[in-house]
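Take a look at the letters that make up each chain.
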Amino acid sequence: MKMTALLERLQPRMHVSGHYHHENGPRRYGATVSYALGQLVQPKVKGGEPFNPRQEVMPGSIGLLDTETFEYVRDSWLADVRGDELDLVRLLS
């Protein structure tokens, strides 16, 4: 069964998932609001050319979900979160 058919059948209030390359949402499937997160870290090289050499976490790849709402995180501090050199102490201080 396709995900859209499942959402239309079950009608949850909210659906959050991952997506291959970019955020996708909000979208409506009947009573369901759906959000798809973007790719967490894009590749260092694409087509033989540097693309994301610092391995930065991409805006829209993380979201905040509480009992009523969802929002994508697109804040500038995400550029400081890198896959190769993640220093959580520095990031959180």
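Source: prediction; values computed, not measured. (Residues numbered from 1 in each chain as written. Predicted model: local features only at pLDDT ≥ 70, side-chain atom pairs only at ≥ 80, totals over all residues. Heavy atoms only, no water.)

**Q** A description of the packing of aromatic side chains should follow, citing residues and the corresponding values.
**A** Enumeration over the complete set of coordinates arrives at 3 aromatic pairs. Both rings, one in Y35 and one in F70, keep their centres 4.4 Å apart while their planes meet at 40 degrees; by these two values the pair is tilted. In this pair, Y35 is assigned in strand 3 (residues 32-37) and F70 in strand 7 (residues 70-73), connecting sequence segments 35 residues apart. According to the relative accessible area criterion, Y35 is buried, its value standing at 12%. Ring centres of F70 and Y72 lie 5.2 Å apart, and the angle between their planes is 85 degrees; this geometry places the pair in the edge-to-face category. Classification of F70 as buried rests on a relative accessible area of 10%. (Phe/Tyr/Trp six-rings, centres within 6.5 Å; stacked < 30°, edge-to-face > 60°. Helix = DSSP H or I, 4+ residues; strand = E, 2+ residues; numbered from the N terminus. Buried < 20%, exposed > 50% of the residue type's maximum accessible area, 1.4 Å probe, protein only.)

**Q** With reference to specific residues and values, describe the nonpolar core.
**A** The biggest cluster of nonpolar side chains holds 5 residues, and these are V33, Y35, L37, F70 and Y72. Those elements that place two or more of their residues in this core are strand 3 and strand 7. Setting aside residues up to four positions removed in sequence, V33 forms contacts with R13, M14, H15, P26, R27 and R28. (Core = buried A, V, L, I, M, F, W, Y, C linked by side-chain atoms within 4.5 Å. Contact = heavy atoms within 4.5 Å.)

**Q** An account of the confidence of the model for the protein chain is requested, with residue identities and associated values reported.
**A** Taken residue by residue, the protein chain gives an average pLDDT of 86. The fraction at 70 or more is 91%. When the elements of the protein chain are averaged for pLDDT, helix 2 (residues 88-92) gives the smallest value, 71, and strand 7 the largest, 94. (pLDDT = per-residue confidence, 0-100.)

**Q** Mind laying out the pairing of strand 3, listing which residues take part and the relevant values?
**A** Counted residue by residue, strand 3 has 6 buried out of 6 residues, so it is predominantly covered. Because side chains alternate across strand 3, one face comprises the buried residues T32, S34 and A36, and the other comprises V33, Y35 and L37, equally buried. Of the pairings in the sheet, the one linking strand 1 (residues 14-18) to strand 3 comprises 5 bridges and is parallel in character. Paired with G18 across the strands is L37, a residue of strand 3. Note: strand 2 (residues 24-29) against strand 3, 4 bridges, orientation antiparallel. Paired with N24 across the two strands is A36, which belongs to strand 3. (Pairing = 2+ DSSP bridges.)

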